[in-house]
Amino acid sequence: MDAIFKALNDPARRRLLDSLREKDGQTLTELEAQMDMTRFGVMKHLAVLEAAGLVVPRRAGRFKHHYLNTVPLQEVIDRWIAPLARPAARAVIDLKTRLEGGPAMPAEKPDFIHQTIIRTTPARLWEALLSGDLTRQYYFDTRVEGRAEPGETLVWRGEDGAAMLEGRVLAVEPLRRLDLTFEPHFIPGKPVSRHVFLIEDLGPACRLTIEHYDLPEAMKGIRDGWVLIASRLKTLLETGESLPVDMAMLKG
């Protein structure tokens, strides 16, 4: 948490975050053009933001793109601020809201990336993604069913048994990568996009990265949903307890 507040305690770094909120996935050259400082200065500020987990770099060919990651802010809200007092939470919640909702990206790059570190094993995290008993505790009360094999379809069902989301498995590397379509039944027309879960073993912990591609205009709110899912999953695996979400508070 200290790294997050250190990262936010500088107007230049906040300006970089605002820029990524307006246009996610920018290169160093694009960001440098907007800042009144040297290229090295921008690199130093980006390094601080990356260390705090607020910016996630992703290389595509010769270029490195930078993505805004609001999951750490959500975790600060969930663990420390929201349980204590609503007035104290307002400033952080407003900042999180302001940093979300950027425009769509070209199809060859993710529309957005969310990333978090979870104190667990790859096997346990993989199980959490594919076990109905676990998804119902963090994935908005839905139970996943189906096999994680290419060509198969995973279905997330609500408490009444109705399908809320379908995902056709496009590619899978057990304990490392799960690539799925994203077909929400709760949005008219069930627009199709794609999302990827990436797991990196860090020894005592895992890095979970969620990437979403080809996001239609009707699905912009999905970004905020992924922040909540990632935060609740982290809490569940680290504490064994489900994290209630006060949706009214988050919406202001």
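The rules behind each value
Residues numbered from 1 in each chain as written. Predicted model: local features only at pLDDT ≥ 70, side-chain atom pairs only at ≥ 80, totals over all residues. Heavy atoms only, no water. Pairing = 2+ DSSP bridges. Helix = DSSP H or I, 4+ residues; strand = E, 2+ residues; numbered from the N terminus. Polar contact = N/O pair within 3.5 Å; in protein donor to acceptor, adjacent residues only side chain to side chain. Contact = heavy atoms within 4.5 Å. Expected span 1.5 Å × (residues − 1). Buried < 20%, exposed > 50% of the residue type's maximum accessible area, 1.4 Å probe, protein only.

Participant: Tell me about the pairing of strand β6 (residues 153-157), and name the residues and values.
Facilitator: The two faces of a sheet get side chains in turn, since along a regular strand they alternate between them. Of the strand pairs in this sheet, strand β5 (residues 143-145) and β6 are connected by 3 bridges, and their pairing is antiparallel. Across the sheet, E145 pairs through a bridge with V155, a residue of β6. With 5 bridges connecting them, β6 and strand β7 (residues 163-173) associate as antiparallel partners. Looking at the pairing, W156 lines up with L165 of β7. Where β6 hands over to β7, the hairpin turn is made up of 5 residues, of which G161 adopts a positive phi near 90 degrees.

Participant: I'd like to hear about the side chain of N69, residue by residue, with values.
Facilitator: Following the sequence through the fold, N69 ends up in the loop between β3 (63-68) and α5 (71-81). At a separation of 2.8 Å, a polar atom in the side chain of N69 contacts the main-chain carbonyl oxygen of G53. Among all residues touching N69, those that are not within four sequence positions of it are G53, L54, V56, I113, H114 and Q115.

Participant: Which residues make up helix α9 (residues 222-239), and what values do they have?
Facilitator: Taking 1.5 Å of rise per residue, the 18 residues of α9 would be expected to cover 26 Å, and the 26 Å separating its terminal C-alpha atoms lies within 8% of that figure. Counting buried residues in α9 gives 16 out of 18 residues, a clear majority hidden from the surface. Immediately beyond the C-terminal end of α9, within one or two residues, lies G240, with a positive phi of roughly 80 degrees.

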